[in-house]
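Overview (structure and organization)
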Amino acid sequence: MTPSSTVESSFDLLKTKIQQREARVGIIGLGYVGLPLALLYSEQKFPVTGFDIDARKVEALSQGNSYIYRIAAEEIQAAKANGFSATADYSQLSAMDAIIICVPTPLDEYHEPDLSFITNTTHAIAPHLRPGQLVVLESTTYPGTTEEVLVPILEKENPLGLTAARGDSSTGKDFFVAFSPEREDPGNTTVARRDIPKVVGGLNGQASELACAFYGSIFSRTVPVSSPAAAEMTKLLENIYRCVNIALVNELKLLCLRMGLNIWEVIEAASTKPFGFHPFYPGPGLGGHCIPVDPFYLSWKAKEWDFRTRFIELAGEINTNMPYHVLASIGGALNRHRKSINGSRILVLGVAYKKDIDDLRESPSLTIIELLQNEGAKVSYHDPYFPFIGKGRKYDLQMKCAQLNDLGQYDCVVIVTDHSDYDYPGIVRESQLVVDTRNATRAISSPKIVHC
Ligand SMILES: NC(=O)c1ccc[n+]([C@@H]2O[C@H](COP(=O)([O-])OP(=O)(O)OC[C@H]3O[C@@H](n4cnc5c(N)ncnc54)[C@H](O)[C@@H]3O)[C@@H](O)[C@H]2O)c1
């Protein structure tokens, strides 16, 4: 058998296994992205193994429990009944046909990409790589990561001398590589996850075809692009588009407040235009793993090309300033009651970075709580999704969720996250003063409310 026919056969073999739902799927990183993906493949009767270095997650899943609010334990148990298992043992990777990497891509303390999760994972995969496997990176990252970081490690460190399949030529000892970004919008129930088209960029045509077949079995539509870098850039464009437009409305909100205009009314009116306008909404600052973080992956990479991404930097400056604007608004609101932040009892409502989700990452609430504490306020918080806030990468609050009663005891109640379950008329009725950063009290008319 010639090398090319060997590769052709490994390509055909994997394609057939995918079509027959026999391809063994390994998902590395069982967080907000990886766990739902594992469940989707399991639902479609693929044999799925999840890999995570967090022993508590592996343990929880092994016992049929969930650690993500919107995923019910029954879903984990159903997946287990379909053969899903979770492990920290990377040696099981050699049994997988497709390996999907869903590990975090945060910024480091200098606001630069921290690729350590991707590189650690790749170092761990390499010893178990075998010919004909498909490796797909899903973590959001700068254009070039798949080809410049992931592929070289896999090629250098696999013991069989395998190379990534490129062009049309092959060595007969290849594995397939692609990048396919996750595009989920947590908490958004208007689009089912399978209906979010899946962008795929393979290192060569065969890798693209395999990755499209693989994702095509759980997503309604796949969108192949010419390279992993094009797929990486696609994801960043989407997030930068959001980041810049949110900064634009945040800035216009500040102007509207000064001019005595209601930005929400203006956005609603502008949204009636049937073309050329997409609404974005102001808020207390950016949150989540993606929008505050991902654009800086591109800024960093752009420097290599002697290029400054000015929109990203300006948007970052405006969005980063929003929690400080909230602090100033609270100070102003208390001042009108002849009080200062220093010594006031303040309740922050909502610490998740957006409504109806259980994700704290980069939440502006955390910054606002710290800013208020630094000014001498006695801060409490309430969030139905977080009974306790301990220590994270950038905070160490050690606070317990307050009861949502006796709101009159607080000098000010600040709505930072507009969870749907809150009874806003009741909150306004009971409170002395409400600072609303989300327009959650839009239907209520009361002199107690300060919109900010
Ligand atoms: N959460 C979202 O809504 C969302 C949306 C789109 C894209 N993304 C991107 O997807 C990626 C993953 O995000 P997430 O929200 O799922 O993160 P997460 O923190 O919820 O989950 C990541 C998981 O990876 C595990 N992990 C870390 N290093 C590992 C290793 N070496 N081996 C095995 N497991 C390891 C962690 O323990 C964790 O369970 C990020 O790049 C993020 O930017 C996230």
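Nothing here was measured: the structure is a model prediction, and the numbers come from that model.

The end-to-end C-alpha distance of helix α7 (residues 205–216), which contains 12 residues, comes to 16 Å, matching closely the 16 Å that a straight helix rising 1.5 Å per residue would cover. Among the residues of α7, those classed as buried are Ala207, Ser208, Leu210, Ala211, Cys212, Phe214 and Tyr215.

Trans peptide bonds make up the majority, and among non-glycine residues the majority have a negative phi. The phi torsion at Arg338 lies on the positive side, around 60 degrees, for a residue other than glycine. Mapping Arg338 onto the fold places it in the loop between α11 (310–335) and β10 (345–349). Its identity as a non-glycine residue notwithstanding, Asp406 has a phi of 50 degrees, on the positive side. Following the sequence through the fold, Asp406 ends up in the loop between β13 (396–400) and β14 (412–415). Classification of Asp406 as partly exposed rests on a relative accessible area of 48%.

Turning to the environment of His337, a few remarks are in order. Checked against the element boundaries, His337 lands in the loop between α11 and β10. A C-alpha to C-alpha distance of 8.9 Å links His337 and Leu433, two positions 96 residues apart in sequence. Among residues more than four places away in sequence, those in contact with His337 are Gln432 and Leu433.

By nearness alone, 27 residues border the ligand, and Asp52, Lys57, Tyr90, Thr105 and Arg361 come closest of all. At a separation of 2.6 Å, an oxygen atom of the ligand approaches a polar side-chain atom of Asp52. Contact distances for the ligand include 3.0 Å between an oxygen atom and a side-chain N or O atom of His289. Burial of the ligand by the protein chains amounts to 93% of its free accessible area of 830 Å².

Let's shift gears to the pattern of salt bridges. What the rule picks out here adds up to 18 salt bridges. With a closest N to O distance of 3.2 Å, Glu138 and Lys198 form a salt bridge. Of the two residues, Glu138 is situated in the loop between β5 (134–137) and α6 (145–157) and Lys198 in strand β8 (residues 198–202); the sequence distance between them amounts to 60 residues. Where Arg166 meets Glu155, a salt bridge forms, and the shortest distance between an N and an O atom there is 2.9 Å. Pair noted here: Arg166 is in the loop between β6 (163–164) and β7 (174–179) and Glu155 is in helix α6, with a separation of 11 residues, a long-range link. Classification of Arg166 as partly exposed rests on a relative accessible area of 37%. By relative accessible area, Glu155 is classed as partly exposed at 23%. Taken together, the shared-partner salt bridges connect Lys17, Arg24, Asp97 and Arg130 into one network.

So, about the packing of aromatic side chains. Using the criterion set out here, one finds 13 aromatic pairs in the structure. Plain terms: the ring middles of Phe11 and Phe176 are 6.3 Å apart, the flat faces sit at 65 degrees to each other, and that makes the pair edge-to-face. Note that Phe11 is positioned in helix α1 (residues 3–19) and Phe176 in strand β7, a separation of 165 residues in sequence. Like Phe11, the residue Phe176 is buried in the burial classification. Here a set of aromatic residues connected by ring pairs shows up, and it is made of Tyr41, Phe46, Phe214, Tyr215 and Phe219. Over the ring of Tyr215 we find Lys198; its NZ or CZ atom is 4.6 Å from the centre of that ring.

A few words now on the packing of helix α2 (residues 34–43) against helix α4 (residues 73–81). Packing of α2 against α4 leaves a shortest axis separation of 9 Å and a crossing angle of 50 degrees. Relative to α4, the element α2 is oriented oblique. Two packed elements cross with a definite hand, and for α2 against α4 that hand is left-handed. The segment α2 lies against α4, with Leu35, Leu39 and Ser42 engaging Glu75, Ile76 and Ala79. Of the residues contributing to the contact of α2 with α4, the split by class is 4 nonpolar, 1 polar and 1 charged.

Analysis parameters
Residues numbered from 1 in each chain as written. Predicted model: local features only at pLDDT ≥ 70, side-chain atom pairs only at ≥ 80, totals over all residues. Heavy atoms only, no water. Helix = DSSP H or I, 4+ residues; strand = E, 2+ residues; numbered from the N terminus. Expected span 1.5 Å × (residues − 1). Buried < 20%, exposed > 50% of the residue type's maximum accessible area, 1.4 Å probe, protein only. Contact = heavy atoms within 4.5 Å. Near = heavy atom within 4 Å. Polar contact = N/O pair within 3.5 Å; in protein donor to acceptor, adjacent residues only side chain to side chain. Areas by Shrake-Rupley, 256 points an atom, 1.4 Å probe, with all protein chains shown as cover. Salt bridge = Lys/Arg side-chain N within 4 Å of Asp/Glu carboxyl O. Phe/Tyr/Trp six-rings, centres within 6.5 Å; stacked < 30°, edge-to-face > 60°. Lys NZ or Arg CZ within 6 Å of the ring centre and 35° of its normal. Axes fitted to C-alpha atoms, helices over the stretch in contact; angles between N-to-C directions. Parallel < 35°, antiparallel > 145°, perpendicular 65-115°, else oblique. Left-handed = near helix turned anticlockwise from the far one by under 90°. Nonpolar A, V, L, I, M, F, W, Y, C, P; charged D, E, K, R; others polar.

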